[in-house]
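One-letter residues, chain by chain:
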Amino acid sequence: MIRLNNIFVKFGDFEALRDINVHVKEGQFYTFLGPSGCGKTTTLRTITGFIEPSAGSVFMAGNDITHVPIEKRNIGIVFQSYALFPTMTVYDNIAFGLKIKKLNKQEIDKKVRTIAAKVDLSDEQLEKAVSQLSGGQQQRVAIARALVTEPAIICMDEPLSNLDAKLRVQLRNELKKMQREFGITTIYVTHDQEEALTLSDCISVFNHGVIEQTGTPNDIYNHSQTEFVANFIGDINKLEGQITSSLGLDDKQNHFIRLERIRVGDNGGFEGVIDSQEYYGLYIKYYINTGGQVLKVIEKNDGVNIYRPGDKVNVIINPQDIMSYAKG
Amino acid sequence: MKQNTFDAGFIAKIFGLVLFLYLFLGFMVLPCLNTLTSIFTTKNAQGSIDPFAVIKFFWAGTMPSFVWNSLKLAVCLVITVNVVGISIVLLTEYFDIKGAGILRMGYMTTLIYSGVALVTGYQFLYDTNGMLTTWLAQMFPYMNRQWFSGFNAVLFTMTFACTSNHALFLRNAIRGIDYNTVEAARNLGASPFRVLFSVVMPTLLPTLFSLTVMTFITGLCAMSAPTLLGYNSINPEIVRVQCGR
């Protein structure tokens with residue numbers, strides 16, 4: 001559906017993107033994930049046409065669209081700020097693209113009301129000014145406006161980042177539901193790894209203008225190819241000192257293990273003492289001092305086996321769960 | 001100790017209230033009352049107090065022509081300043097043309113002059129003995145050396161004098177626009193001009209309305225340009241009448 005071939009983007013002397021290769025398949029929910037300034041939004045803007053690459057090509061459905069103007073790409077965009085037109089009503093915001101396409105009034109009205117119903121906007125809300133809507137409702141308007149012109153793909157640039165945590169989770173689920181319902185190819189930009197893991201079919205992790213890894217959420221999380229990806233996605237322990245030597249790990253490499261892969265028991269493994277605990281309800285996070293280092297461990301909260309600071313425990317590490325990367 | 005803190009706070013509040021009352025009464029209420037009182041207690045030609053004397057003044061003798069001239073200047077100024085101001089801001093901020101910085105700086109320099117200094121500057125160039133007029137007169141000896149006077153000269157001078165203020169406020173308003181809205185409209189298929197008229201301009205309307213009112217009042221109350229460039233508007237005439245008493 002969308003293919004980026006060897007994309008380079010330069011701003012003066014600064015190389016914002018270096019040799020970016022992406023292949024988004026039809027109907028896929030594809031996420032660009034990474035910290036601020038890593039190039040994910042620049043890549044999205046290259047796809048949408050706001051930025052022309054210094055080198056490389058953008059293909060859409062087999063056609064080279066590298067130099068095609070923004071308005072002719074048939075790509076819908078949902079911005080981080082929603083970018084709703086403040087002087088127009090919700091209805092006019094959604095109808096804007098249809099008016100540009102010079103559809104007749106009846107057709108515009110039908111399309112606007114249909115899409116509004118799909119994104120859960122009432123007729124009453126359609127007549128309101130956009131400033132009268134809540135953040136969540138404004139986001140729905142932005143999605144409706146992007147979808148009403150029936151674009152081939154939709155690009156979303158951190159659309160949930162302006163919302164509070166609870167609403168973010170709620171809308172995240174709705175977004176995924178909507179994407180499945182419309183069956184539209186979606187490219188999503190976020191710095192939130194939880195958002196990326198829950199929503200995506202495929203993720204590209206960006207760092208300093210390059211893609212570190214592309215894969216399914218499971219690949220990215222459980223089989224991180226680089227140290228950066230392992231550290232950026234989820235919480236992780238870096239194994240050091242006595243543990244690495246006891247396990248016979250190569251000292252020319254850095255070794256990591258996910259928190260949930262460490263088991264806490266009464267026998268075997270390494271001896272340790274509970275330093276502190278964080279109670280999350282569903283699970284409990286323990287900080288266990290193993291002599292050489294403090295390991296973070298997550299245990300399911302069964303309501304029975306709860307350890308207190310000072311308790312002596314055994315930490316069991318399965319060498320197969322360790323992810324190792326060359327130093328330097 | 002606590003008592004002292006309370007006293008200090010209380011004294012500060014009283015001081016603040018007195019200062020506020022002084023500013024409110026001294027600079028807002030009393031000048032307005034004084035003006036209204038003067039208007040309705042002005043004596044007419046017969047020497048008796050006449051509530052309609054001021055209104056009659058504006059309709060006496062040649063005064064209506066001065067009033068008309070001021071209105072004409074104010075309305076024309078609103079048009080020219082808006083056209084030039086909007087163009088300057090759009091060229092330098094929206095379309096971001098090359099040399100925008102120099103153009104912007106050129107317009108903003110007028111902000112540092114007083115009205116008299118600005119008009120004198122224009123006269124230095126365009127007046128009867130101005131540099132440009134002298135140069136033109138050498139090329140065209142029969143030209144009217146007093147070409148830079150009257151309504152056109154006042155309108156020209158005031159347009160550029162007022163544009164800097166206009167552009168200053170409009171520039172801030174245009175910078176306040178979420179640029180993503182422009183990108184969103186472009187993405188939905190709108191041409192740059194459609195974006196300008198459907199998305200950008202409606203957002204600027206409240207600012208433009210305020211600037212229009214401000215420019216209209218400036219035109220109506222113009223003093224230095226009409227006086228120095230010889231245009232019979234109402235404000236210089238009022239001063240002349242007042243001085244002639």
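Everything here concerns the structure above.
Residues numbered from 1 in each chain as written. Chains lettered and ligands numbered in written order. Predicted model: local features only at pLDDT ≥ 70, side-chain atom pairs only at ≥ 80, totals over all residues. Heavy atoms only, no water.

## Points about the overall build of chain B
Formally: Helix and strand labels come from DSSP, where a helix needs a run of H or I of at least four residues and a strand needs a run of E of at least two; each type is numbered from the N terminus. Here the globule rule reads 2.2 Å times residues to the power 0.38, and the radius of gyration is calculated from C-alpha atoms. The classification of residues rests on relative accessible area computed with a 1.4 Å probe and restricted to protein chains. Under 20% of the type maximum is buried, over 50% is exposed, and intermediate values are partly exposed. Charge assignment: positive for Lys and Arg, negative for Asp and Glu; neither His nor the chain ends contribute. In this description, the location of a charge corresponds to atom NZ of lysine, CZ of arginine, CG of aspartate or CD of glutamate.
Tallying secondary structure elements over chain B gives 11 helices and zero strands in all. Expected size for 245 residues packed as a compact globule is a radius of gyration near 18 Å; at 25 Å, chain B overshoots this value by more than 25%. With the C-alpha coordinates aligned to their principal axes, the bounding extent of chain B is approximately 65 × 65 × 35 Å. For chain B, buried positions account for 33% of its 245 residues. Within chain B, the 8 negative side-chain charges are centred at a point lying 4 Å from the centre of the 14 positive side-chain charges.

## Describing the interface of chain B and chain A
Quick note on the threshold: In what follows, residue pairs with any heavy atoms lying within 4.5 Å of each other are defined as contacts. Defined in terms of a 1.4 Å probe, buried area is the accessible area two parts forfeit on being brought together, summed over both. Basic side-chain nitrogens of Lys or Arg form a salt bridge, by our definition, when they fall within 4 Å of a carboxyl oxygen of Asp or Glu. Under this definition, polar contacts are N or O atom pairs within 3.5 Å; protein pairs additionally need one hydrogen-donor-capable and one acceptor-capable atom, and for neighbouring residues in sequence, both atoms have to be side-chain atoms.
Residue-level contacts link 16 residues of chain B with 21 residues of chain A. Interface area, chain B with chain A, both sides summed: about 1,600 Å², of which 62% is carbon and sulfur. For the chain B face of the interface with chain A, the top three residues by lost area are E183(B), N187(B) and L188(B), together amounting to 39%. Inspection of the region where chain B meets chain A yields two salt bridges. When the shortest N-O distance is used, the salt bridge between R45(A) and E183(B) registers 2.4 Å. Where chain B packs against chain A, one counts five residue pairs in polar contact (both at pLDDT 80 or more). Among the elements of the structure, helix 8 (179-187) and helix 9 (192-220) of chain B are those that each provide at least two residues to the side of chain B that touches chain A.

## Some points on the pairing of strand 4 (residues 55-60) of chain A
Residue and element names in this part refer to chain A. Rules: Should DSSP find at least two bridges between two strands, the strands are taken to pair.
Relative to strand 4, strand 1 (residues 2-11) is paired through five bridges, and the arrangement is antiparallel. Across the sheet, F8 pairs through a bridge with A55, a residue of strand 4. Relative to strand 5 (residues 63-64), strand 4 runs antiparallel, the two being bridged by two bridges. Within the sheet, the bridge partner assigned to F59 lies in strand 5 and is D64. Linking two consecutive strands that pair antiparallel, namely strand 4 and strand 5, is a turn of two residues; a positive phi of about 50° is found at A61 within it.

## What to know about the side chain of T244(A)
Residues and elements named next belong to chain A. On the secondary structure map, T244 appears in helix 10 (residues 241-246). Reaching out from T244, the side chain makes a polar contact with the backbone oxygen of G241 at a distance of 2.6 Å. The residues touching T244, leaving out its near neighbours within four places in the chain, are L239, L249 and H255.

## Side note on helix 3 (residues 105-118) of chain A
Residues and elements named next belong to chain A. Rules: A helix's residues, less one, multiplied by 1.5 Å, set its expected span. Here the arc refers to the directions that run from the helix axis out to each C-beta atom.
A rise of 1.5 Å per residue sets the reference length of helix 3, with its 14 residues, at 20 Å; its end C-alpha atoms lie 20 Å apart and thus fit the reference within 8%. Inspection of helix 3 places I108, V112, I115 and A116 among the buried residues, and these make up the whole buried set. Angular distribution of buried residues about the axis of helix 3 spans 105°; they occupy a single face of the element. Facing away from the buried side of helix 3 by over 90 degrees, the exposed positions are Q106, K110 and A117. Where helix 3 begins, the side chain of N104 points an oxygen toward the backbone nitrogen of Q106, at a separation of 3.2 Å.

## Describing the environment of P236(B)
All names here are of chain B. Mapped onto the fold, P236 is located in helix 11 (residues 234-244). Judged by its relative accessible area of 4%, P236 falls in the buried class. Taking the C-alpha atoms as reference points, P236 and I39, separated by 197 residues in sequence, lie 19 Å from one another. Once residues lying within four places of it in the same chain are set aside, the contact partners of P236 are A222, M223, P226 and T227.

## Describing the pattern of salt bridges
Residue and element names in this part refer to chain A. Applying the stated criterion across every chain yields a total of 17 salt bridges over all chains. One salt bridge in this structure joins D321 and R261, with 2.9 Å as the shortest N-O distance. Taken together, the residues D321 in the loop between strand 17 (312-316) and strand 18 (323-326) and R261 in the loop between strand 12 (253-258) and strand 13 (263-265) connect sequence positions 60 residues apart. Overall, the relative accessible area of 19% leaves D321 in the buried class. Look at R261 and you get partly exposed, because its relative accessible area is 31%. Connected through salt bridges with shared partners, the residues D109, R113, D123 and E127 form a single ionic network.

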